[in-house]
Amino acid sequence: FIIAESGIMFKSGFYRKMDFIIGVISPLPLRIIRVKKRSHITEDEFYKIVRFQDSDETIRSRSSVLILNDSSTLLPRVWQVYEILTGKLMGESSH
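A. Spotlight on the overall build of the protein chain. If you tally the helices and strands in the protein chain, you get 4 helices and 2 strands. When the helices and strands of the protein chain are listed from N to C terminus, the series reads β-α-α-α-β-α. Across its three principal directions, the C-alpha atoms of the protein chain cover 45 × 30 × 20 Å. When each of the 95 residues of the protein chain is scored for burial, the buried share is 25%. Contacts spanning at least 24 positions in sequence make up 65% of the contacts within the protein chain whose residues lie at least 6 apart. Counting only carbon and sulfur atoms, one obtains 57% of the accessible surface of the protein chain, whose full area is about 7100 Å². Distance between charge centroids for the protein chain: 4 Å, based on 14 positive and 11 negative side chains.

Shown next, in the form of structure tokens:
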């Protein structure tokens, strides 16, 4: 399988090229902390970027599966999604 990342997967229409969409969302306060630390931007700059991205509501409603990236359940959920994907490749059809 091939994995593509896009903050505008739905707005851009890129999702139409996908067979399966893994939505990843994170609580906004945690996203702000992570992005400010990683990218050295201000909170205002963060919001300028985020307003162009797909909303959490859109990601939740249009994704095949959802991963909550809040650090508490991330790794177990990633393994679950991996098992779903590998099951699909082997012909299984369960979520």
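Now that the structure has been shown, the text picks up again.
B. Highlighting the layout of surface pockets. The calculated volume of the largest pocket comes to roughly 1300 Å³. In terms of lining residues, the largest pocket is bounded by 41 residues, among which Ala4, Glu5, Ile22, Gly23 and Val24 are the most central. If you list the elements that add at least two residues to the lining of the largest pocket, you get strand 1 (22–25), helix 1 (28–39), helix 2 (43–50), helix 3 (56–62) and helix 4 (74–89). A breakdown of the residues in the lining of the largest pocket according to their chemical character gives 24 nonpolar, 8 polar and 9 charged.

C. Geometry of the pairing of strand 2 (residues 65–68). Of the two faces of strand 2, only the one carrying Val65 and Ile67 is buried; Leu66 and Leu68 on the other face are not. With 4 bridges connecting them, strand 1 and strand 2 associate as parallel partners. Residue pairing in the sheet places glycine 23 in a bridge with leucine 66 of strand 2.

D. Up close: the pattern of salt bridges. According to the stated counting rule, one finds 2 salt bridges in the structure shown. In this structure, arginine 31 engages aspartate 56 in a salt bridge whose closest nitrogen and oxygen atoms are separated by 3.8 Å. With a gap of 25 residues between them, arginine 31 in helix 1 and aspartate 56 in helix 3 connect regions that are remote in the sequence. A salt bridge links glutamate 43 to lysine 36, with the nearest nitrogen and oxygen atoms 3.9 Å apart. On the basis of relative accessible area, lysine 36 is assigned to the partly exposed category, the value being 34%.

What counts, and at which threshold
- Residues numbered from 1 in each chain as written.
- Predicted model: local features only at pLDDT ≥ 70, side-chain atom pairs only at ≥ 80, totals over all residues.
- Heavy atoms only, no water.
- Helix = DSSP H or I, 4+ residues; strand = E, 2+ residues; numbered from the N terminus.
- Buried < 20%, exposed > 50% of the residue type's maximum accessible area, 1.4 Å probe, protein only.
- Contact = heavy atoms within 4.5 Å.
- Areas by Shrake-Rupley, 256 points an atom, 1.4 Å probe, with all protein chains shown as cover.
- Lys, Arg positive; Asp, Glu negative; His and termini not counted.
- Charge placed at Lys NZ, Arg CZ, Asp CG, Glu CD.
- 1 Å grid on protein atoms, 1.4 Å probe; cavity = no way out; pocket = protein on both sides within 12 Å on 5 of 7 lines; lining within 4 Å.
- Points joined across faces, edges and corners; volume = space filled by probe spheres on them.
- Nonpolar A, V, L, I, M, F, W, Y, C, P; charged D, E, K, R; others polar.
- Pairing = 2+ DSSP bridges.
- Salt bridge = Lys/Arg side-chain N within 4 Å of Asp/Glu carboxyl O.

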